[in-house]
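Residues per chain are reported as follows:
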Amino acid sequence: MSDIKVSINNLYKIFGSDAASMVDLVKEGMSKSDLLEKHGHVLGLDNVNIDVRKQQIQVIMGLSGSGKSTLIRHINRLIEPTSGSIIVDGDDILSMSLAELRDFRRSKASMVFQKFGLLPHRKVIDNVAYGLSIQGINKEEALARSNKWIKSVGLTGFENHYPSQLSGGMQQRVGLARALATDADILLMDEAFSALDPLIRSDMQDVLLSLQEQLHKTIIFITHDLDEALKLGDDIAILRDGAVIQSGTAEKIILHPADDYVTDFIKDINKARVLKVSSVMAKDEKIKGPEISDNVIIEDALQTVSQSGSNGAIIVKNGKKIGTVSLTDMIMAIARSTENTDSDTVYR
Amino acid sequence: MSLLTEFPKMGRTDLRDFKKAIDESFRDFTRNYGEAIENFFDPLLYFLVWLEKLFLNTPWPIIMAVIALLVYFGSRSIKLTIGAIIAFLLIGYLDMWEDTMATLAIISVATIVCISVGIPIGILMARSNRTQTVVTPILDIMQTIPSFVYLIPVVMLLGIGKVPGLLAVCIYAIPPIVRLTNLGIRLVDKDVMEASEAFGASYKQKLLDVQIPLALPNIFAGVNQTIMMALSMVVIASMIGVKGLGVPVLRAISNQYLALGVMNGLAIVVLAILFDRVSQSFGKRLQAHRESGHNV
Ligand SMILES: Nc1ncnc2c1ncn2[C@@H]1O[C@H](COP(=O)(O)OP(=O)(O)O)[C@@H](O)[C@H]1O
Ligand SMILES: [Mg+2]
């Protein structure tokens, strides 16, 4: 269990004047729409259980209104749960006093927002230093540390601009630098890139991934976009009406969607670009072919195999042979997405 | 039938006793606490007198220069600065310098009082809905009740003089600054507030780093309105012993001096316009970066 950073257990959130007495109804299985119709309360979260692994990117995905923002705000207690528990590094967030909670927010978990939430009257450098100034770190040191983060998100030269003078993408770089500057090891990102144009969004995803390679934060990333979820997520949890429908790795969700809702979610993606050869690995002595690494995606493997003219490939990991993959299995695995002919809209 | 044609009213003696009881008890209150209250306001009186003397004893060219500088740095407009200089030269030339200085003194003190009392009240109002529900009707009363009505208890309590005049001006002029401080803070972008909260800001940090700076344009609009309203009270204040441009206006009314009344009235208007233009363009500059730009 020691590699679990954040553990969310049996979390319920009900919005309304008499939330506490509604929990039992929900536990007995009352649906979100019934609760609203019969009792005028909104079901925000319905028995959510998620274990976020240390230094991984945990994506939480769902359509608008599924409770994503509500969920992520429980982790730093911007929203109080109706029932349940949230454990971070063994500490129960809900038992913290106001002072302890402030300390937790200052040094343990920082947040990036969909609408950036920058201080419009402060320059970029002062925005990045905001978390540090709240901690009471002296101005000189705060600015020095902020400068480092401004550089790492590629904003050098814009230190003295005001947020309103920057494009959306650049504003969110400020938001990211501000969150990183506190050295918190948990990063909460609520649709952080959803307000950005597709190209800029993709840039920002790359920025985040390359920072994560060096920083190894525990990141909880909210999105409604499957492409983004697949690109960033080590683990993905899918939310509907406040309940987790399925959680696991991208591969697991794609290979074994839990229900129609999930199937619907993933139907348009090009599996060849998501699934790795390891997911269809077998041990078949008859297969001869080129050696490929276990984390190669099927699309690339198909290319290699077909060029070599063989019936499959040998899978290696750290230089050792660990299995084989046949051409047929690979084609079978991606079969359903090949029905989808307009290949321009597929996952990349 | 007479019940319908004639409103059922309190008996004549009862009514008289009722009013008398109120008057008596307020008089008692005055007798017991009047002096203490007067002493309480003494520092304000000294300050007002000191400021008046300062304005009057400073050689006029220096005052002119200070006004010109303030106007220029407030508005960054050469035109307005020249306009202000000409206006004050005319005021002096038409023998209204001393009254104008006295008016400026009381307006300045009233504004300082209103700001230092009004902004904290506005902040408290923004912090709790209950405070808002209590304070709002009081502000409504202060703004709508005819000034003469609250002049009565003020004069009963403090007599005729500068302090009761100042108090009357402040009662009338304080509501806008309270209201706009409250409004400004409540209108601060929720997303920015949430970010501040998420980074662990304390109440004081949120107030000083986020709410007040972002509400500043609104607070400033409140200051502007407060000054305007204080100016409009100048004549009434002079009825209870405040020196300034109101005094000749009063004299003009009772003696039917048309020219005197119009001239001093116009001097008040000139002050109002100057305050307004300067503070508005200053307020606009405050606004510059404060609108959160999500221009994605
Ligand atoms: N303060 C609130 N009061 C009442 N209902 C709310 C409140 N906040 C969120 N909700 C409801 O909870 C549900 C989940 O909202 P949210 O977490 O914002 O969804 P998402 O971020 O996935 O779009 C929605 O039905 C929303 O209307
Ligand atoms: Mg949301």
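Predicted, not measured: the structure shown is a model, and the values here were computed from it.

Draft legend 1. The domain arrangement of chain A, seen in detail. Residues and elements named next belong to chain A. In terms of domains, chain A is made up of domain 1 (56-74 + 95-266) and domain 2 (272-334). In this assembly, five residues from domain 1 lie in contact with five residues from domain 2. Across the domain 1 to domain 2 interface the summed buried area is about 420 Å²; carbon plus sulfur atoms make up 76%. When residues of domain 1 are sorted by the area they lose upon contact with domain 2, Glu251, Ile254 and Leu255 head the list and together hold 88% of the total. For the interface between domain 1 and domain 2, the tally reads zero salt bridges. At the junction of domain 1 with domain 2, the criterion picks out one residue pair in polar contact (both at pLDDT 80 or more).

Draft legend 2. Inspection of the sheet that holds strand β3 (residues 57-62) of chain A at higher detail. Residues and elements named next belong to chain A. Within the open sheet, the six strands sit side by side as β6-β7-β8-β3-β9-β10. Their pairing is mixed. One side of each edge strand has no neighbouring strand; the edge strands of this open sheet are β6 (109-112) and β10 (243-248). Taking each pair of neighbouring strands and ignoring which way they run, the sheet shows an average axis angle of 20°. The sheet contact formed by strand β9 (residues 235-240) and β10 spans five bridges and is antiparallel. Counted as the bridge partner of alanine 237 is serine 247 from β10. Helix α8 (residues 168-181) rests against β6 and β7 (186-190) of the sheet, and its axis sits at about 175° to β6.

Draft legend 3. A look at the pairing of β3(A). Residues and elements named next belong to chain A. Counting buried positions along β3 yields six of six residues, so the element is predominantly enclosed. Sheet analysis places β3 next to strand β8 (residues 218-223), joined by five bridges and oriented parallel. Across the sheet, the residue bridging to methionine 61 is threonine 223, located in β8. As paired elements, β3 and β9 share five bridges and run parallel to each other. Considered in β9, the bridge of glutamine 58 is made with aspartate 235.

Draft legend 4. Summary view of the environment of Asn129(B). Residues and elements named next belong to chain B. Note on placement: asparagine 129 falls in helix α6 (residues 129-144). Here the alpha-carbon distance between asparagine 129 and leucine 180, two residues 51 residues apart in the chain, equals 15 Å. For asparagine 129, the side chain forms a polar contact with the side chain of arginine 186, separated by 2.9 Å.

Draft legend 5. Highlighting the confidence of the model for chain B. Summing up the model confidence of chain B, the mean pLDDT is 92 and the portion of residues at 70 or higher is 97%. Reported confidence for the predicted complex is 0.85 by ipTM and 0.85 by pTM.

Draft legend 6. Structural detail: the nonpolar core. The biggest cluster of nonpolar side chains holds 75 residues, and the ones touching the most others in it are Leu176(A), Met189(A), Phe221(A), Ile236(A) and Met330(A). If you tally residues by element for this core, the top one is α8(A), at six residues. Both domain 1 (56-74 + 95-266) and domain 2 (272-334) of chain A contribute no fewer than three residues apiece to this core. Aside from chain neighbours lying at most four places away, what touches Phe221(A) is Ile57(A), Gln58(A), Val59(A), Ile60(A), Met189(A), Phe193(A), Leu208(A), Glu228(A) and Leu232(A). Judged by nonpolar contacts, the second largest core, of 60 residues, contains Met64(B), Ile106(B), Met142(B) and Ala173(B).

Draft legend 7. How the structure looks around helix α4 (residues 78-93) of chain B. Residues and elements named next belong to chain B. For α4, built from 16 residues, the straight-helix expectation of 22 Å at 1.5 Å per residue is met to within 8% by its first-to-last C-alpha distance of 22 Å. Along its buried surface, α4 packs onto α3 (60-75), α5 (97-127) and α13 (258-287). The opening residue of α4 is serine 77, an N-cap whose side-chain oxygen sits 3.4 Å from the backbone nitrogen of lysine 79. Aspartate 95 occupies a position one or two residues after α4 and carries a positive phi of about 65°.

Draft legend 8. Just the packing of aromatic side chains, in detail. The final tally for this structure, using the stated rule, is ten aromatic pairs over all chains. Here Tyr261(A) and Phe265(A) contribute two aromatic rings whose centre-to-centre distance is 5.5 Å and whose plane-to-plane angle is 85°, an arrangement assigned as edge-to-face. Of this pair, Tyr261(A) and Phe265(A) both sit in helix α12 (residues 260-266), separated by four residues, roughly a single helical turn. Judged by its relative accessible area of 15%, Tyr261(A) is buried. Residue Phe265(A) is classed as buried on the basis of its relative accessible area, which comes to 16%. Taking 5.2 Å as the distance between ring centres and 40° as the angle between the ring planes, the aromatic pair formed by Phe29(B) and Tyr33(B) counts as tilted. A residue pair is termed a helical-turn pair when its members lie 3 or 4 positions apart in one helix, as Phe29(B) and Tyr33(B) do in helix α2 (residues 12-57) at four residues. Exposure remark for Phe29(B): the relative accessible area of 35% places this residue in the partly exposed category. Relative accessible area serves as the criterion here: at 46%, Tyr33(B) is assigned to the partly exposed category. By way of ring pairs, the aromatic residues Phe26(B), Phe29(B) and Tyr33(B) are connected into one cluster. Here the basic side chain of Arg240(A) rests over the ring of Tyr261(A), its NZ or CZ set 4.7 Å away from the ring centre.

Draft legend 9. Just the site of ligand 1, in detail. Residue and element names in this part refer to chain A. The environment of ligand 1 is made up of Phe15, Lys32, Val42, Leu63, Ser64, Gly65, Ser66, Gly67, Lys68, Ser69 and Thr70. Glycine 67 is positioned such that a nitrogen or oxygen atom in its backbone is 3.1 Å from an oxygen atom of ligand 1. Between an oxygen atom of ligand 1 and a side-chain N or O atom of threonine 70, the distance comes to 2.5 Å. Bound to the protein, ligand 1 loses 61% of the 560 Å² it would expose on its own. Sorting elements by how many residues they give to the shell around ligand 1 places helix α3 (residues 68-75) first, with three residues.

Calculation notes
Residues numbered from 1 in each chain as written. Chains lettered and ligands numbered in written order. Predicted model: local features only at pLDDT ≥ 70, side-chain atom pairs only at ≥ 80, totals over all residues. Heavy atoms only, no water. Domains from an automatic or database assignment. Contact = heavy atoms within 4.5 Å. Buried area = accessible area lost by both parts, 1.4 Å probe. Salt bridge = Lys/Arg side-chain N within 4 Å of Asp/Glu carboxyl O. Polar contact = N/O pair within 3.5 Å; in protein donor to acceptor, adjacent residues only side chain to side chain. Pairing = 2+ DSSP bridges. Helix = DSSP H or I, 4+ residues; strand = E, 2+ residues; numbered from the N terminus. Axes fitted to C-alpha atoms, helices over the stretch in contact; angles between N-to-C directions. Buried < 20%, exposed > 50% of the residue type's maximum accessible area, 1.4 Å probe, protein only. pLDDT = per-residue confidence, 0-100. Core = buried A, V, L, I, M, F, W, Y, C linked by side-chain atoms within 4.5 Å. Expected span 1.5 Å × (residues − 1). Phe/Tyr/Trp six-rings, centres within 6.5 Å; stacked < 30°, edge-to-face > 60°. Lys NZ or Arg CZ within 6 Å of the ring centre and 35° of its normal. Near = heavy atom within 4 Å. Areas by Shrake-Rupley, 256 points an atom, 1.4 Å probe, with all protein chains shown as cover.

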